[in-house]
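Each chain, letter by letter, is given below.
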Amino acid sequence: MNKENTSSRLPVMSGKRAHTNSSDGEQQQPAQKKMRRVDAEPAQKFRPAASVVPPRRPAAVKAPVKALRPTGAATVAVAPARGDQKKPVAAVAKAAGLGASRRPGWDLKGKVSDMEAKVQNYQSKIKSVNLENDHLKDSITKAQKHKTEIEDENKGLKKRIGECEEELEKLATVKDDLAQTSTERDGLKKDLSNLSEEHKVLEGLRDHLESELRNIQTQLAIQTSTLRQCQDSLKESQELVRNLEETVARQREELHIGEMERRKLHNTIQELKGNIRVFCRVRPLLTGNQSDVLHIQLPAHDNKALTLAKTEESHTGRTADTQKSYNFSFDRVFGPRSSQREVFEEISLLVQSALDGYNVCCFAYGQTGSGKTFTMEGGDVEDMWGVIPRAVQQIFKSAKALQEQGWEYSFTASFVEIYNETLRDLLYTGKPNKRPEHEIRKLSNNEITVTNLTYQQVNNEDEVHNLIMLANQNRSTARTGMNDHSSRSHSVFQLDIEGQNSDRDTKCKSVLCLVDLAGSERVQKSQSQGERFKEMTSINSSLTNLGIVIAALANKESFIPYRNSKLTYLLQNCLGGNSKTLMFVNIAPEEESFSESLNSLRFASKVNDCVIGTASANRK
Ligand code: ADP
Ligand code: MG
């Protein structure tokens with residue numbers, strides 16, 4: 001547009017110049033060239049400037065465009081509009097145009113002046129153009145400077161963008177982190193709520209425990225005070241115990257003295273009763289009515305008397321039948337209704353003497369079937385127990401009671417049978433054909449012992465009962481083989497008692513002998529032959545010798561014929577001066593046993609009349 005304007009004006013001038021002066025054309029050309037260059041330059045230079053301006057910053061674009069427009073092509077095209085330049089050019093052109101059109105051809109001078117005016121005009125134009133050119137150059141410089149600034153700014157911005165992008169990237173990771181963190185936070189929140197739930201529960205528990213603790217502390221306090229009270233009472237009790245212990249010790253001493261006193265007194269009583277005592281026991285009728293027994297009379301109010309009565313027919317028949325009575329008196333008479341317990345009560349005092357250290361011997365004398373074995377051994381039921389099991393029971397019971405006073409007892413049992421002056425071990429458990437022989441020996445300390453005999457240590461009743469059972473077995477074996485051998489043999493149960501009171505260094509030793517004698521019946525000589533005669537002789541002699549020994553002891557004879565029979569030899573220590581002897585005379589109630597009963601009672605009476613010398617305990 002600027003170019004058109006410029007060129008449309010120039011032909012007006014060049015048309016005239018072509019006709020007039022070629023120098024005009026020469027002068028005009030540089031102006032045209034300059035014009036074009038000026039015209040072209042802004043177009044080329046400002047375009048990139050516009051492109052340089054970042055689209056994001058429109059404000060920056062506006063400023064250079066406004067600034068460039070007046071300095072660029074507009075200036076060239078509108079050059080004449082400038083007040084200071086328009087006037088002279090228009091005036092010159094007007095003057096030249098008017099002058100040329102008015103000047104006649106001859107007026108060369110005028111023409112020259114016109115030309116000069118024109119030149120002048122052009123020169124001023126050149127000047128202004130140059131001025132404008134300089135001005136434009138300045139603008140360019142400024143624009144370039146501005147461009148560099150913008151480029152710098154661009155660079156800065158790019159850098160900033162990079163930084164921002166980096167920051168953005170960072171922010172993206174931060175965002176991820178944030179998301180993760182918020183997930184974590186959610187988890188933690190959940191955990192927190194769980195934990196606070198738990199916390200609540202724990203708080204409840206703690207409260208509960210605290211209250212329990214309080215309770216326990218209260219209880220503890222109560223118990224502590226109780227404990228203190230207990231300790232106090234314990235102290236008091238200990239004091240009391242000490243006092244009591246002293247009392248107990250004193251009383252023990254007194255008890256011991258009392259026990260020794262009791263033993264002495266007991267013995268005195270036994271001696272007063274007689275060191276040899278005879279009890280009579282009448283067996284009940286095994287069949288028939290008890291009231292049929294007329295020949296044995298037991299006075300109702302005297303338990304020591306017994307009368308045997310017999311009506312003897314008159315030999316001549318002229319006189320009335322005569323009543324013959326035999327009165328006997330014993331330490332005690334037991335009728336047919338007496339129980340095993342009643343019988344034992346009387347013997348138990350002697351059993352006590354055995355524990356006190358006195359030798360005790362108890363015989364059962366009488367014809368076969370009169371109740372000797374029943375009295376000594378009895379039946380299996382406790383109610384039916386005889387003297388031996390009851391004595392054993394009492395001994396173990398009393399020994400236990402004496403333990404509290406410091407007495408320790410040990411017991412040794414033996415069970416021997418004397419048949420035809422031969423000893424047989426009833427506690428033998430070996431082979432029957434290997435039975436050893438036995439001999440009675442007197443030891444240097446005067447103790448009697450039997451060789452090869454079983455001496456069995458016993459610690460309780462049961463053990464003794466077992467031994468009695470064993471003895472019965474051994475006897476029954478003999479019975480089958482030898483035709484009721486037991487009734488023709490003596491059986492001797494012996495319990496050696498040893499007591500020791502280590503507190504007081506006291507010892508006692510004694511023997512309890514319980515003897516079931518052989519049947520005392522006399523067999524008529526005409527009926528007895530061979531073995532039976534030998535048995536009879538042996539039994540008679542041993543029983544007779546027993547009577548003789550007792551009588552000799554009673555008479556305090558210097559010689560006591562113990563050796564005359566195995567029985568007396570074996571029992572010599574139980575029959576002597578320091579012993580207590582009890583004889584049961586067993587009576588059969590049947591009428592046909594009258595004479596045997598009479599014999600037995602006579603024998604027993606003889607024994608009863610004897611007084612054995614005062615016994616003294618075997619103390620060491
Ligand atoms: P022994 O031993 O003198 O030959 P036993 O003791 O064997 O006599 O007695 C003979 C029988 O009489 C046995 O059956 C026994 O049970 C019985 N007997 C003996 N004494 C009594 C009594 N007191 N009460 C009841 N039965 C008795
Ligand atoms: Mg018998």
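Residues numbered from 1 in each chain as written. Chains lettered and ligands numbered in written order. Predicted model: local features only at pLDDT ≥ 70, side-chain atom pairs only at ≥ 80, totals over all residues. Heavy atoms only, no water.

As a matter of local geometry, ligand 1 sits amid Arg281, Arg283, Pro284, Leu286, Gln367, Thr368, Gly369, Ser370, Gly371, Lys372, Thr373 and Phe374. At 3.1 Å, a backbone N or O of Gly371 approaches an oxygen atom of ligand 1. A distance of 2.7 Å separates an oxygen atom of ligand 1 from a polar atom in the side chain of Thr373. When residues in the shell around ligand 1 are grouped by element, the largest group, three residues, is from helix 8 (residues 372–376). (Near = heavy atom within 4 Å. Polar contact = N/O pair within 3.5 Å; in protein donor to acceptor, adjacent residues only side chain to side chain. Helix = DSSP H or I, 4+ residues; strand = E, 2+ residues; numbered from the N terminus.)

Turning to helix 7 (residues 340–356), a few remarks are in order. In a regular helix each residue adds 1.5 Å, so 17 residues correspond to 24 Å; helix 7 covers 24 Å between its end C-alpha atoms and thus fits that length. Along helix 7, the sharpest kink reaches roughly 40°, centred on Glu346. By the criterion of burial, helix 7 is predominantly enclosed, with 12 of the 17 residues buried. After helix 7 finishes, the residue Gly357 shows a positive phi value of roughly 110°. (Expected span 1.5 Å × (residues − 1). Bend = angle between axes of the 7 residues up to and from the residue. Buried < 20%, exposed > 50% of the residue type's maximum accessible area, 1.4 Å probe, protein only.)

Spatially, 2-3-4 is the arrangement adopted by the three strands of the open sheet, whose pairing is antiparallel. Two strands lie at the open edges of the sheet, namely strand 2 (296–297) and strand 4 (322–329), each paired on one side alone. Two strands pair when backbone bridges link them, and strand 2 and strand 3 (residues 305–312) are joined in this way by two bridges, in the antiparallel orientation. Bridged to Gln297 within strand 3 is Thr307. (Pairing = 2+ DSSP bridges.)

Relative to strand 4, strand 3 is paired through eight bridges, and the arrangement is antiparallel. Its bridge partner being in strand 4, Ala305 is matched across the sheet by Ser329.

Before going further, it helps to examine a nonpolar patch on the surface. On the surface, Leu168, Leu171 and Val174 cluster together into a nonpolar patch covering about 290 Å² of accessible area. Mapped onto the elements, Leu168 comes out in helix 6 (residues 108–273). (Patch = residues over 30% accessible without salt bridge, like charges linked within 9 Å, V, L, I, M, F, W, Y side chains within 5 Å. Areas by Shrake-Rupley, 256 points an atom, 1.4 Å probe, with all protein chains shown as cover. Salt bridge = Lys/Arg side-chain N within 4 Å of Asp/Glu carboxyl O.)

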